[in-house]
Each structure stands twice: as C-alpha cells, then as structure tokens.
Amino acid sequence: MNNQTTFYLARHGQTEWNVAQRIQGQLDSPLTDQGKQQAALLAEQCRPLNITQILTSPLGRAIQTADICGQALGLIPIPIKGFEERHFGDWQGKFTYQVNTLSDYDEITSQITDCKPMQGESSKQLLARFESTLRDELENAAKEVSLIVIHGDILRCFMAQFIPHLTPSSGTQNNASTGYDYKNAELIALSYDQETGVFSSL
C-alpha cells in the first residue's frame with residue numbers, strides 16, 4: 001500500500017512591498033505585474049503534475065497567486081487558516097534597512113529560535129503552527145495532489161529540515177543560518193508519509 005502523499009509548495013508572486021523591501025508579515029500588498037506573470041508561469045509548471053486541489057494562505061498576495069493558478073488549472077483555491085506568513089510584530093510595514101542593524105535581526109530572520117520581534121511570532125512558533133496545519137490538511141485529503149501557496153519565511157523554516165547541516169542530530173539548528181533563497185512563485189515538490197508522519201523532499 002502506498003502511504004505517500006505528494007504535494008507542492010510555492011511562494012506567492014512578487015509584491016509591491018517585495019520590490020520596496022518592506023517587511024510584510026501578516027500585512028499585505030498586491031502582486032506586481034511581474035508577480036502576476038510569475039503566478040501564470042507557476043500555473044504552467046503545474047499543468048503536468050495532476051494537481052487536484054489548491055490550498056492557500058488567506059493573505060491577499062497568496063490568494064491572488066492561487067487564483068491565477070486556479071483559473072489556469074480549473075480549480076478553486078481554498079484559503080487555510082494556519083498558512084499565513086509569520087507575524088513580524090512591530091517590524092511589519094517597516095523597510096528592511098530600518099531593522100537590519102538591530103542586534104537580533106540575523107537570529108530572527110536566518111535562524112530557528114524563540115527570538116521574535118516585539119508583538120511578533122518566533123520562527124519556532126511559526127514552524128509549529130504551519131506544520132500542524134499542513135499535517136492536518138494532508139491527512140484529511142490523503143488522495144489529493146495539492147499545490148500549496150504560502151510565504152517566504154514559512155519556506156525558510158520548513159525547508160531547513162532538508163538542509164544536511166541543520167538536521168536535529170547535528171545539534172546546530174538553533175544557531176546555524178537556514179539561508180533565505182526561496183524565490184517568488186518557486187515550486188518545490190515534497191511528499192508526506194501518512195504512516196510515519198515524515199516529510200521528504202523529492
């Protein structure tokens with residue numbers, strides 16, 4: 001019996017605040033023309049993948065990306081509470097240059113720890129929230145092949161488990177950089193083992 005559920009993660013298309021280098025978090029800004037083109041290209045990548053459902057963060061930029069994909073694939077995206085981007089608290093709406101000299105900036109944006117902006121969410125809290133929601137969705141729809149439209153910091157935290165030097169056994173996950181190189185509308189293929197609860201990169 002095949003217990004593997006295939007799914008695809010994708011970051012939303014480029015937004016106006018991405019271009020301006022403003023921190024969005026759970027605030028929002030619309031897709032740029034380039035972002036819309038990226039979403040259309042993402043849909044084309046998905047055509048041969050037999051996608052049966054589109055799940056999306058309920059934030060506007062993700063819904064806008066998912067809607068473009070849905071129109072091309074003949075699917076109606078489903079917003080899922082729990083797939084929102086990390087809440088960056090007092091940093092939301094600020095330009096990157098206004099916070100990137102703070103002493104905890106690198107820890108907050110490049111590591112997985114309990115550190116967080118004032119009134120915000122830590123990367124550990126984000127990861128726990130996202131993984132719990134993702135498992136629920138995959139277990140409730142084991143036969144579906146899902147495109148899941150989410151956000152950059154979710155991808156940074158979730159995908160860290162597939163970086164060899166950041167495996168829990170190395171003891172370095174809390175102080176090593178996870179990197180941040182998930183491009184707008186980049187498609188990532190993964191699987192979930194329904195029996196063991198293990199995620200795998202394809």
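Residues numbered from 1 in each chain as written. Predicted model: local features only at pLDDT ≥ 70, side-chain atom pairs only at ≥ 80, totals over all residues. Heavy atoms only, no water.

**Details of the packing of helix H2 (residues 33–46) against helix H3 (residues 60–73)**
The geometry of a pair of packed helices is captured by two quantities: the angle between their axes and the separation between those axes.
Then, in step 1: Contact geometry of H2 with H3 gives a least axis separation of 8 Å together with a crossing angle of 45°. Relative to H3, the element H2 is oriented oblique. In terms of crossing hand, the pair formed by H2 and H3 is right-handed. Together, Lys36, Ala39, Ala40, Leu42, Ala43 and Cys46 of H2 and Gln64, Thr65, Ile68, Cys69, Ala72 and Leu73 of H3 make up the contact between the two elements.
Then, in step 2: Taken together, the residues of the contact of H2 with H3 break down into nine nonpolar, two polar and one charged. (Axes fitted to C-alpha atoms, helices over the stretch in contact; angles between N-to-C directions. Helix = DSSP H or I, 4+ residues; strand = E, 2+ residues; numbered from the N terminus. Parallel < 35°, antiparallel > 145°, perpendicular 65-115°, else oblique. Left-handed = near helix turned anticlockwise from the far one by under 90°. Contact = heavy atoms within 4.5 Å. Nonpolar A, V, L, I, M, F, W, Y, C, P; charged D, E, K, R; others polar.)

**Some details on the state of the cysteines**
Then, in step 1: Enumeration according to the criterion identifies zero disulfides in this entry.
Then, in step 2: Lacking any disulfide linkage, Cys115 is separated from the closest cysteine sulfur, that of Cys157, by 12 Å.
Then, in step 3: By relative accessible area, Cys115 is classed as buried at 18%. (Disulfide = S-S within 2.5 Å. Buried < 20%, exposed > 50% of the residue type's maximum accessible area, 1.4 Å probe, protein only.)

**Observations regarding the pairing of strand S4 (residues 146–150)**
Then, in step 1: Within S4, five of the five residues are buried, which leaves the element mostly enclosed by the surrounding structure.
Then, in step 2: Because side chains alternate across S4, one face comprises the buried residues Ser146, Ile148 and Ile150, and the other comprises Leu147 and Val149, equally buried.
Then, in step 3: Here strand S1 (residues 4–11) runs beside S4; their pairing, made up of five bridges, is parallel. By the bridge assignment for S4, Phe7 is matched with Ser146.
Then, in step 4: Bridge count between strand S2 (residues 53–56) and S4: four bridges; the pairing is parallel. From the neighbouring strand, Ile54 faces S4, where its bridge partner is Leu147. (Pairing = 2+ DSSP bridges.)

**A few points about H2**
Then, in step 1: The end-to-end C-alpha distance of H2 is 20 Å, a good match for the 20 Å that 14 residues give at a rise of 1.5 Å each.
Then, in step 2: Every buried residue of H2 is accounted for by Gly35, Gln38, Ala39, Leu42, Ala43 and Cys46. Within H2, the buried residues cover an arc of 145° as seen down the axis, which keeps them to one side. Exposed residues lying more than 90 degrees from the buried face of H2 are Asp33, Gln37 and Leu41.
Then, in step 3: As for H2, its buried residues are in contact with S1, H3, S4 and strand S5 (187–193). (Expected span 1.5 Å × (residues − 1). Arc of directions from axis to C-beta.)

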